Amino acid sequence: MTRPRTSIHGEWSSRWAFVLAAAGSAVGLGNIWKFPYITGENGGGAFVLVYLVCIAVIGIPIMMAEVLIGRRGRQSPINTMTSLSEEAGKSRRWSLLGWSGVVAGFMILSYYSVIAGWALAYVFRSGIGMFHGADADQVAGIFSELLASPERLLAWHTIFMVMTMVVVARGVRSGLEKAVRFLMPVLFILLIVMVGYAMNTAAFGKGVAFLFSPDFGKLSRDGVLIAMGHAFFTLSLGMGAIMIYGSYMPERASIAKTTFMIAGADTLVALMAGLAIFPIVFANNLEPSAGPGLIFVTLPLAFGQMPGGSFFGTLFFILVVFAAWTSSISLVEPAVTWMVENHGMRRLTACVWSGIAIWALGIGSVLSFNVWSDYTLFGKTFFDLMDYLTSNIMLPLGGLFIAIFAAWVMKDADVRDELAIVNKLGYRLWRVLVRYVTPLGVIIVFLNAIGVLHAG
Ligand code: PHE
C-alpha cells in the first residue's frame, strides 16, 4: 500500500484549525462531567496533582506520537497503520491497532451519547425553570425520574446521535471545522462566566483548596491509577481520534507546539470546570463524592437558588452539550474514513451505518439505568462496563502500542523528519519518554485494570 501525501478526506485550513479541532475532541464530558466527579471521589488535590503529572509525562508524549503517525500516514487509522508498518518493513498486523481504535470509539460514543443526552435534557429542564427554588430532594428526584425513563433517555440519545452524524457527514472542511470554530470559543466564554459566578460564592476558597492542596493521605493506590487512565480519556488518546485529526494537519505545522496548546487547553478547561463546580458544591453543603451524577444533582440545586439561575443553568448545560458534541465527532471519524477508503462508500452512507450501529449499542447503556440495572458482570452494569473496558483497558493499551510503534518500530529518521523538532535536547527528551517512561506507566495502568477485574 502506498502512502498518500495528502488525505483524500481533506485538510485543515491552517494549524489553528487543527488546534481547535483537536482541542474540541479533547475537551468534552471527560473534562466537565468525569473529571469533577472522579476528583471528588478520590479526595481532590493529590489526585489532581497526579493527573497533571500524567498529562505531562504520558499524555503529551503519546499525543505527539499519535499526531505524527497520523500525519505521516494521511489515511484512516487502520490504513495508516498498514502503510506505515509496511514502510518500516514490519508486519501489517499493526493495523489491528486501528481496528481496536474503531471498536473503542464505537463503544465510547455509545454511552457518551447517552450522558450527552442527560445534558441535552437538562438544557430544557433548566430552560423552563424546573430547578427554580427546588430543594435537594426535588433536584435528586428530577434526576432519578429522568434515569428511570428508558423512553426519554432513548429519545435524547437519539437526538444527540443525529446531531453528531450530521456534522460528521458534512466532512472535515465544511462540517468539523466550521462546527469547532464556532463551538470552542463559545465554550471558553461560558466557562469563564461560570467560574466568575463561583468566585462570588462564599466557598470559593474552599473549592480552590480542595482542588489544589494535595493531601496524599486521601489518595489510594487505585486513585493514582484512575488519574493516569483519565489522562488518556481526556486527551482523546489511544483510539485514533487524534491520529485521524493529525492526518488532516498541514505539512508545515509544528506537532510539538500544537500538542502543547491542545493539552494546555484541555487541562485548563478541566481545572476551570473544577473551579466552577466545587465552590458551588461546598457552598451548598453537597457531597463532592456523589459519583457520576455529580454535576446533575448538585449544580441544578445551586442554579435553583442563585439569581438568574435558570439562565446560567441553561447556559451551563448548553456548554456541556457543545463540549460533548465536538468530542463525539472525533470518536466516529476513524471508522467513517475507513469505510470511505476501503469500501468506496459515500461519507453520508458511512455515517448512517456507523451511526445506527453506535445508536443500537447505546440502548444497552440506556437500559442499564433502569430496566437492566440489576444485570451486572463483575459488579458492573452495561454502562459501567463500557466505560471501564474503554477507559481503563482499551485506551491505555492503544496508547502503549502507539508509543511502541513511534519509538521502536518506525525509523528514527522518519520520526525525526515528521516531528521536525529543532531543539536536539527536546527531541531526545521526547524519545526517552516515549521509549521507556510512557510504556512503563501504561503497563502499570493496564496491570491494575486486570487486577481490579479479577477482584471484582
Ligand atoms: N476526550 C474526550 C473527553 O474528554 C473523550 C474522548 C475520548 C474523545 C477518546 C475521543 C476519543 O470528553
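Just above, that's the structure.
Residues numbered from 1 in each chain as written. Predicted model: local features only at pLDDT ≥ 70, side-chain atom pairs only at ≥ 80, totals over all residues. Heavy atoms only, no water.

Chemist: How would you explain the overall build of the chain if you had to name every residue and give the values?
Modeler: In terms of regular secondary structure, the chain is built from 18 helices and zero strands. On C-alpha atoms alone, the chain measures out to a radius of gyration of 21 Å, which is about the 23 Å that the 2.2 N^0.38 rule sets for 456 residues. Principal axes of the C-alpha set define a box for the chain whose edges measure 65 × 50 × 45 Å. Counting over 456 residues, the chain shows a buried share of 61%. Accessible surface for the chain amounts to roughly 17100 Å². Of this, 66% is attributable to carbon and sulfur atoms. Of the charged side chains in the chain, 30 are positive and 24 negative, and the gap between their average positions amounts to 11 Å. (Helix = DSSP H or I, 4+ residues; strand = E, 2+ residues; numbered from the N terminus. Rg over C-alpha atoms; globule rule 2.2 N^0.38 Å. Buried < 20%, exposed > 50% of the residue type's maximum accessible area, 1.4 Å probe, protein only. Areas by Shrake-Rupley, 256 points an atom, 1.4 Å probe, with all protein chains shown as cover. Lys, Arg positive; Asp, Glu negative; His and termini not counted. Charge placed at Lys NZ, Arg CZ, Asp CG, Glu CD.)

Chemist: Talk me through the packing of aromatic side chains; I want residue IDs and the actual numbers.
Modeler: Overall, the coordinates contain 32 aromatic pairs when judged by the stated rule. Consider the rings of Tyr 122 and Phe 296, whose centres lie 5.1 Å apart with planes at 85°: the pair is edge-to-face. Here the residue Tyr 122 occupies a position in helix α5 (residues 95-127), and Phe 296 occupies one in helix α13 (residues 294-305), the gap between them amounting to 174 residues. Ring geometry for Phe 210 against Phe 278: centres 4.8 Å apart, planes inclined by 45°, an arrangement best described as tilted. In this pair, Phe 210 is assigned in helix α9 (residues 204-212) and Phe 278 in helix α12 (residues 255-283), connecting sequence segments 68 residues apart. Judged by relative accessible area, which is 13%, Phe 210 ranks as buried. Owing to a relative accessible area of 0%, Phe 278 belongs among the buried residues under this scheme. In textbook terms, an aromatic cluster arises when at least three aromatic residues are bridged by ring pairs, as seen for Tyr 111, Trp 118, Tyr 122, Phe 131, Phe 143, Phe 296, Phe 303, Phe 316, Phe 317, Phe 369 and Phe 383. Over the aromatic face of Phe 233 sits the side chain of Lys 34, whose NZ or CZ is 4.1 Å from the ring centroid. (Phe/Tyr/Trp six-rings, centres within 6.5 Å; stacked < 30°, edge-to-face > 60°. Lys NZ or Arg CZ within 6 Å of the ring centre and 35° of its normal.)

Chemist: So what's going on with the pattern of salt bridges? Which residues, and what values?
Modeler: In the structure shown here, the tally under the stated rule is 12 salt bridges. Glu 86 serves as the salt-bridge partner of Arg 92, at 2.5 Å between the closest nitrogen and oxygen. Judged by relative accessible area, which is 27%, Glu 86 ranks as partly exposed. A salt bridge links Arg 347 to Glu 333; its shortest N-O distance comes to 2.7 Å. With Arg 347 in helix α15 (residues 347-368) and Glu 333 in helix α14 (residues 309-343), this pair connects stretches of sequence that are 14 residues apart. The class for Arg 347 is buried, based on a relative accessible area of 16%. (Salt bridge = Lys/Arg side-chain N within 4 Å of Asp/Glu carboxyl O.)

Chemist: How would you summarise helix α4 (residues 77-87) if you had to cite specific residues and measurements?
Modeler: The buried fraction of α4 amounts to nine of the 11 residues, a majority that puts the element mostly inside the structure. The set of residues buried in α4 consists of Pro 77, Ile 78, Asn 79, Thr 80, Met 81, Thr 82, Ser 83, Leu 84 and Ser 85. On its buried face, α4 is in contact with α3 (45-73), α5, α11 (241-247), α14 and α16 (382-409). (Contact = heavy atoms within 4.5 Å.)

Chemist: Can you break down α12 residue by residue, with the values?
Modeler: The terminal C-alpha atoms of α12, which comprises 29 residues, lie 42 Å apart, in line with the 42 Å expected from a rise of 1.5 Å per residue. The N-capping residue of α12, defined by a side-chain oxygen 3.5 Å from the backbone nitrogen of Ala 256, is Ser 254. With its phi angle positive at about 55°, Asn 285 sits one or two positions after the end of α12. (Expected span 1.5 Å × (residues − 1). Polar contact = N/O pair within 3.5 Å; in protein donor to acceptor, adjacent residues only side chain to side chain.)

Chemist: Provide a residue-level description of the nonpolar core, including the pertinent values.
Modeler: In terms of nonpolar packing, the biggest core is built from 166 residues, with Phe 18, Ile 69, Trp 118, Phe 296, Phe 316, Phe 317 and Trp 430 touching the most fellow members. At 18 residues, α5 tops the list of elements feeding residues into this core. Beyond its immediate stretch of four places on either side in the chain, Ile 69 contacts Thr 80, Met 81, Leu 84, Met 243, Ile 402, Phe 405, Ala 406 and Met 410. (Core = buried A, V, L, I, M, F, W, Y, C linked by side-chain atoms within 4.5 Å.)

Chemist: Give a detailed account of a nonpolar patch on the surface, specifying residues and quantitative values.
Modeler: There is a patch of nonpolar side chains on the surface, built from Leu 49, Val 53, Val 57, Phe 216, Trp 408, Val 432, Tyr 436 and Val 437 and spanning about 710 Å² of accessible area. In this fold, Val 53 is placed in helix α3. Given the relative accessible area of 45%, Val 53 is considered partly exposed. (Patch = residues over 30% accessible without salt bridge, like charges linked within 9 Å, V, L, I, M, F, W, Y side chains within 5 Å.)

Chemist: Break down the site of the ligand for me, with residues and values.
Modeler: By nearness alone, 15 residues border the ligand, and Ala 26, Gly 30, Tyr 112, Phe 233 and Ser 236 come closest of all. Within the contact set of the ligand, a nitrogen atom lies 3.3 Å away from a backbone nitrogen or oxygen of Ser 25. Here Thr 234 contributes a backbone N or O atom positioned 3.2 Å from a nitrogen atom of the ligand. For the ligand, the protein covers 100% of the area, taking 330 Å² as the surface of the free molecule. Counting only elements with at least two residues in the shell around the ligand, the list comes to α1 (15-26), α2 (29-41), α10 (221-234) and α14. Of the residues assigned to the shell around the ligand, the class counts are seven nonpolar, eight polar and no charged. (Near = heavy atom within 4 Å. Nonpolar A, V, L, I, M, F, W, Y, C, P; charged D, E, K, R; others polar.)

Chemist: Outline the environment of Ala 283, listing residues and values.
Modeler: Within the secondary structure, Ala 283 is located in helix α12. A relative accessible area of 39% means that Ala 283 is categorised as partly exposed. Once residues lying within four places of it in the same chain are set aside, the contact partners of Ala 283 are Thr 201 and Ala 203.

Chemist: Could you give an account of the side chain of Ser 149, naming the residues involved and the relevant values?
Modeler: Inspection of the secondary structure puts Ser 149 in the loop between α6 (136-148) and α7 (150-169). Here the side chain of Ser 149 touches Arg 152 through a polar contact of 3.1 Å, landing on its backbone nitrogen.

Chemist: Describe the packing of α15 against α16, listing the residues and the values that go with them.
Modeler: When two helices pack together, their arrangement is captured by the angle between the axes and the distance separating the axes. Contact pair α15 / α16: the axes reach a minimum separation of 7 Å and the direction vectors enclose 125°. In terms of their interaxial angle, α15 and α16 are classed as oblique. Residues Leu 361, Gly 364, Ser 365 and Ser 368 of α15 form the contact with α16, whose participating residues are Phe 382, Phe 383 and Met 386. Classifying every residue of the contact of α15 with α16 gives four nonpolar, three polar and no charged. (Axes fitted to C-alpha atoms, helices over the stretch in contact; angles between N-to-C directions. Parallel < 35°, antiparallel > 145°, perpendicular 65-115°, else oblique.)

Chemist: Tell me what's going on with unusual backbone geometry, and back it up with residues and numbers.
Modeler: In this model, Arg 74 sits at a positive phi of 60°, which is unusual for a non-glycine residue. Counting through the fold element by element, Arg 74 comes out in the loop between α3 and α4. On the basis of relative accessible area, Arg 74 is assigned to the buried category, the value being 2%.

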